[in-house]
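Descriptive structure summary
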Amino acid sequence: MSEASAWGEPVGFVGIGNMGAPMAARLLDAGHSLVVFDVSSKATAPLIARGARQAGSAAEVASLAETVLTSLPTPDIVESVALGERGVGAGSRIKRLIELSTSGPRIAARVAQGLAAKGVTLVDSPVSGGVAGARAGTLAVMVACPRAEFDRLQPLLKVIGKPFYVGERPGLGQTMKLVNNLLSGAALAITSEAMLLGTKAGLDPDTMIEVINAGSGRNSASQDKFPKSILPRRFDAGFATRLMLKDLKLCLEEAESLGLTLWVASAVRQLWLKTFNEIGPNEDFTTIMRCVEGSTGVEVRGRAAGSSRG
Ligand code: NAD
């Protein structure tokens, strides 16, 4: 019997966006039968075409599946999809919600409490690794829930990535994710400034990235976002600026609630806010490079982008 058929029942998935779509597709590929819901029917169409069942609400998904995964954009939406009138908590079959979004530890605690009252366990499981990681099934999955639940879910979680058990208390997965994204957001911000400086001074952007990646300045932006998205001026990493700004806001709220002052994180957030306002909330987060270039007249353009400006 395959791991998928051992489940013997459909798995639910709510929120078929940039991340949800490839994760849900991998579950189908692994042989799971899926029941899906998204407020956009355009989002679910490719999965329906592959045999997934369309539900009319999150509650309906949770009336058809014991295990439901969610990948949703904002903390408010996570809370309403979990606990709202037509949310998964209103489903008749659900036993566990695997919550993959980044929504912060406080929402996780509230959702866990609200669901526990209905006999449903929250598996707090934010992910990192971007759309490419979601497609390849190589996401870091940061899981907080009862240990036995984590052990039981291993085969399912391994379809989307590498599961790490970070503790029992709901919200610890979220805190782990905020720590990670603080580093990722800071790396992209500071690497954009460094690249502007070098380019304006006359260095070649492709050469700079090669040198940085062979030296001590290398980071996730220099190794991944610059070569794939920024130097070719494609700006297509698959993560919206509004989501990066949300993560930094959640991170600083968490720091404040712990009585900590994070000086560099505050400055990093300002640059993301500027990118949100000047370039646009729905633009890919790699457009922070355009924001940093601003009116300097400098463009950090690699050979892969060709010679024309734009
Ligand atoms: P997205 O905006 O592309 O997708 C969100 C999806 O949720 C959309 O399809 C939207 O229609 C749907 N949705 C919104 N409200 C809904 C509702 N009430 N009911 C059902 N569906 C609803 O976002 P994304 O990039 O896929 O990110 C999802 C989550 O994963 C976010 O919390 C994000 O911070 C996190 N995340 C994203 C990335 C990334 O690289 N994109 C990486 C790691 C974590």
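Residues numbered from 1 in each chain as written. Predicted model: local features only at pLDDT ≥ 70, side-chain atom pairs only at ≥ 80, totals over all residues. Heavy atoms only, no water.

1. Notes on the packing of helix α9 (residues 172-200) against helix α12 (residues 241-257)
Where α9 meets α12, the axes come as close as 9 Å, and the angle between the chain directions of the two elements is 120 degrees. Considered as vectors, α9 and α12 are oriented oblique to each other. By crossing handedness, the relation of α9 to α12 is classed as left-handed. Packed against α9, whose contacting residues are Thr 175, Leu 178, Asn 181, Leu 182 and Gly 185, the element α12 presents Met 244, Asp 247, Leu 248, Leu 250, Cys 251 and Glu 254 at the interface. (Axes fitted to C-alpha atoms, helices over the stretch in contact; angles between N-to-C directions. Helix = DSSP H or I, 4+ residues; strand = E, 2+ residues; numbered from the N terminus. Parallel < 35°, antiparallel > 145°, perpendicular 65-115°, else oblique. Left-handed = near helix turned anticlockwise from the far one by under 90°. Contact = heavy atoms within 4.5 Å.)

2. Some words on the side chain of Asp 247
Note on placement: Asp 247 falls in helix α12. Each residue touching Asp 247, except ones within four places of it in the same chain, is listed here: Thr 102, Leu 178, Asn 181 and Phe 239.

3. Focus on the domain arrangement of the chain
When cut into domains, the chain gives domain 1 (3-170) and domain 2 (175-305). Of note, the centres of domain 1 and domain 2, computed from C-alpha atoms alone, are 29 Å apart. In this complex, domain 1 contributes 15 residues to the contact, which on the side of domain 2 involves 14 residues. For the pairing of domain 1 and domain 2, the buried interface totals around 1100 Å² over both sides, and the portion due to carbon and sulfur atoms is 62%. In terms of surface lost to domain 2, no three residues of domain 1 exceed Thr 102, Pro 105 and Arg 106, which account for 41% of the buried area on that side. Applying the counting rule to domain 1 against domain 2 returns one salt bridge. (Domains from an automatic or database assignment. Buried area = accessible area lost by both parts, 1.4 Å probe. Salt bridge = Lys/Arg side-chain N within 4 Å of Asp/Glu carboxyl O.)

4. Quick word on the packing of α9 against helix α13 (residues 263-278)
At a minimum axis separation of 10 Å, α9 and α13 run at an interaxial angle of 70 degrees. The angle between the axes of α9 and α13 places the two elements in the roughly perpendicular class. α9 and α13 meet at a crossing whose hand is left-handed. From α9, Leu 182, Gly 185, Ala 186, Leu 188, Ala 189 and Glu 193 reach across to α13, where they touch Ala 265, Val 268, Leu 271 and Trp 272. Here the residues of the contact of α9 with α13 are counted per class, giving eight nonpolar, one polar and one charged. (Nonpolar A, V, L, I, M, F, W, Y, C, P; charged D, E, K, R; others polar.)

5. Observations concerning the site of the ligand
Around the ligand sit 25 residues in total, of which Asn 18, Met 19, Asp 38, Leu 72 and Lys 246 are the nearest. Within the side chain of Asp 38, one N or O atom sits 2.6 Å away from an oxygen atom of the ligand. Between the ligand and the protein, one listed contact pairs a nitrogen atom with a backbone N or O atom of Val 39 at 3.5 Å. Within the complex, 87% of the 830 Å² of free accessible area of the ligand lies under protein. Counting only elements with at least two residues in the shell around the ligand, the list comes to α5 (75-83), α7 (130-136) and α12. The dominant element in the shell around the ligand, judged by the number of residues it contributes, is α12, at three residues. Residues of the shell around the ligand, tallied by class, amount to 13 nonpolar, eight polar and four charged. (Near = heavy atom within 4 Å. Polar contact = N/O pair within 3.5 Å; in protein donor to acceptor, adjacent residues only side chain to side chain. Areas by Shrake-Rupley, 256 points an atom, 1.4 Å probe, with all protein chains shown as cover.)

6. Examining helix α2 (residues 20-29)
Burial of α2 is extensive: seven of the ten residues sit out of reach of the surface. Backbone geometry just after α2 places Gly 31 at a positive phi near 100 degrees. (Buried < 20%, exposed > 50% of the residue type's maximum accessible area, 1.4 Å probe, protein only.)

7. Some remarks on the pattern of salt bridges
With the rule as written, the count across this model stands at 17 salt bridges. For Asp 224, the salt bridge is made with Lys 228, and the minimal N-O distance between the two is 2.7 Å. Highlighted residues: Asp 224 and Lys 228, both in helix α11 (residues 220-230), separated by four residues, approximately one helical turn. The salt bridge partner of Lys 249 is Glu 253, with a shortest N-O separation of 3.1 Å. In this pair, Lys 249 and Glu 253 are both assigned in helix α12, four residues apart and thus about one turn of the helix distant. One salt-bridge network, in which partners are shared between bridges, spans Asp 204, Asp 206, Glu 210 and Arg 303.

8. A word on the environment of Pro 163
Relative to the helices and strands, Pro 163 resides in strand β9 (residues 161-167). Taking the relative accessible area as the measure of exposure, Pro 163 reaches 15% and is therefore buried. Here the alpha-carbon distance between Pro 163 and Phe 150, two residues 13 residues apart in the chain, equals 8.7 Å. Apart from the residues lying within four places of it in its own chain, the contact partners of Pro 163 are Val 141, Phe 150, Gln 154, Leu 157 and Lys 158.

9. Some words on unusual backbone geometry
In this model, Arg 233 sits at a positive phi of 55 degrees, which is unusual for a non-glycine residue. The topology assignment puts Arg 233 in the loop between α11 and α12. You will see that Phe 235, though not glycine, has its phi angle at about 45 degrees, which is positive. Relative to the assigned elements, Phe 235 resides in the loop between α11 and α12.

10. Notes on the side chain of Thr 70
In this fold, Thr 70 is placed in strand β4 (residues 67-70). Here Thr 70 falls in the buried class, since its relative accessible area comes to 2%. Contact partners of Thr 70, with chain neighbours within four places excluded, come to Val 14, Val 81, Leu 97, Ile 98, Glu 99, Leu 100 and Ser 101.

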